[in-house]
Amino acid sequence: MTSPDNEAKIMQALGELASTQKKHLNRLVACEALLQALVMRVDPPALPGILEEFEAALDRSAEDIPPRLQMPELWQEWTTLLSDRLRSLEQAPPRNTGAA
């Protein structure tokens, strides 16, 4: 059985942990929104290289995360975003720049 003093310390630690988690979550949401906006502005010819570099960097970074904590389905969202952007640009009709 824990003492009231230990219980208070545990509750405080849990509160601090929850606060830190909330801050990290909100920072990640902001980063994702920024990255999505940036991807939409990237020069189309640069996208294949960015996708290749992203996947290589992801492989290297994943080595730092124990396999039991890895969630590759979340990483795949960015590969999908880049791939979808590439596909949509490839399927889009060429722009008419007005040059004759």
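Residues numbered from 1 in each chain as written. Predicted model: local features only at pLDDT ≥ 70, side-chain atom pairs only at ≥ 80, totals over all residues. Heavy atoms only, no water.

Visitor: Help me get a handle on the packing of helix H2 (residues 47–62) against helix H3 (residues 72–91), residues and values and all.
Guide: Contact geometry for H2 and H3: axes closest at 10 Å, N-to-C directions at 170°. Judged by the angle between their axes, H2 and H3 are roughly antiparallel. Seen from H2, the contacting residues are Leu 47, Pro 48, Ile 50, Leu 51, Phe 54, Glu 55, Leu 58 and Ala 62; seen from H3, they are Trp 75, Trp 78, Thr 79, Leu 82, Ser 83, Arg 85, Leu 86 and Leu 89. (Axes fitted to C-alpha atoms, helices over the stretch in contact; angles between N-to-C directions. Helix = DSSP H or I, 4+ residues; strand = E, 2+ residues; numbered from the N terminus. Parallel < 35°, antiparallel > 145°, perpendicular 65-115°, else oblique. Contact = heavy atoms within 4.5 Å.)

Visitor: Summarise the environment of Glu 90; cite the residues concerned and give the values.
Guide: Structurally, Glu 90 can be placed in helix H3. Sequence-wise, Glu 90 and Pro 44 are 46 residues apart; in three dimensions their C-alpha atoms are separated by 9.0 Å.

Visitor: Residues and numbers for a negative patch on the surface, please.
Guide: A surface patch of negative charge is lined by Glu 52, Glu 53, Glu 55, Asp 59, Glu 63 and Asp 64. Mapped onto the secondary structure, Glu 52 falls in helix H2. A relative accessible area of 60% means that Glu 52 is categorised as exposed. (Patch = residues over 30% accessible without salt bridge, like charges linked within 9 Å, V, L, I, M, F, W, Y side chains within 5 Å. Areas by Shrake-Rupley, 256 points an atom, 1.4 Å probe, with all protein chains shown as cover. Salt bridge = Lys/Arg side-chain N within 4 Å of Asp/Glu carboxyl O. Lys, Arg positive; Asp, Glu negative; His and termini not counted. Charge placed at Lys NZ, Arg CZ, Asp CG, Glu CD. Buried < 20%, exposed > 50% of the residue type's maximum accessible area, 1.4 Å probe, protein only.)

Visitor: Now, about the layout of surface pockets: what can you tell me, with residues and values included?
Guide: In this approach, a probe sized like a water molecule rolls over the atoms, and the result shows the empty space that is left. The space that makes up the largest pocket amounts to roughly 530 Å³. Taken together, 17 residues make up the lining of the largest pocket; nearest its centre are Leu 28, Glu 32, Leu 35, Leu 74 and Trp 78. At the level of elements, helix H1 (4–41), H2 and H3 are the ones that each hand at least two residues to the lining of the largest pocket. The residue inventory of the lining of the largest pocket, partitioned by class, reads 14 nonpolar, one polar and two charged. (1 Å grid on protein atoms, 1.4 Å probe; cavity = no way out; pocket = protein on both sides within 12 Å on 5 of 7 lines; lining within 4 Å. Points joined across faces, edges and corners; volume = space filled by probe spheres on them. Nonpolar A, V, L, I, M, F, W, Y, C, P; charged D, E, K, R; others polar.)

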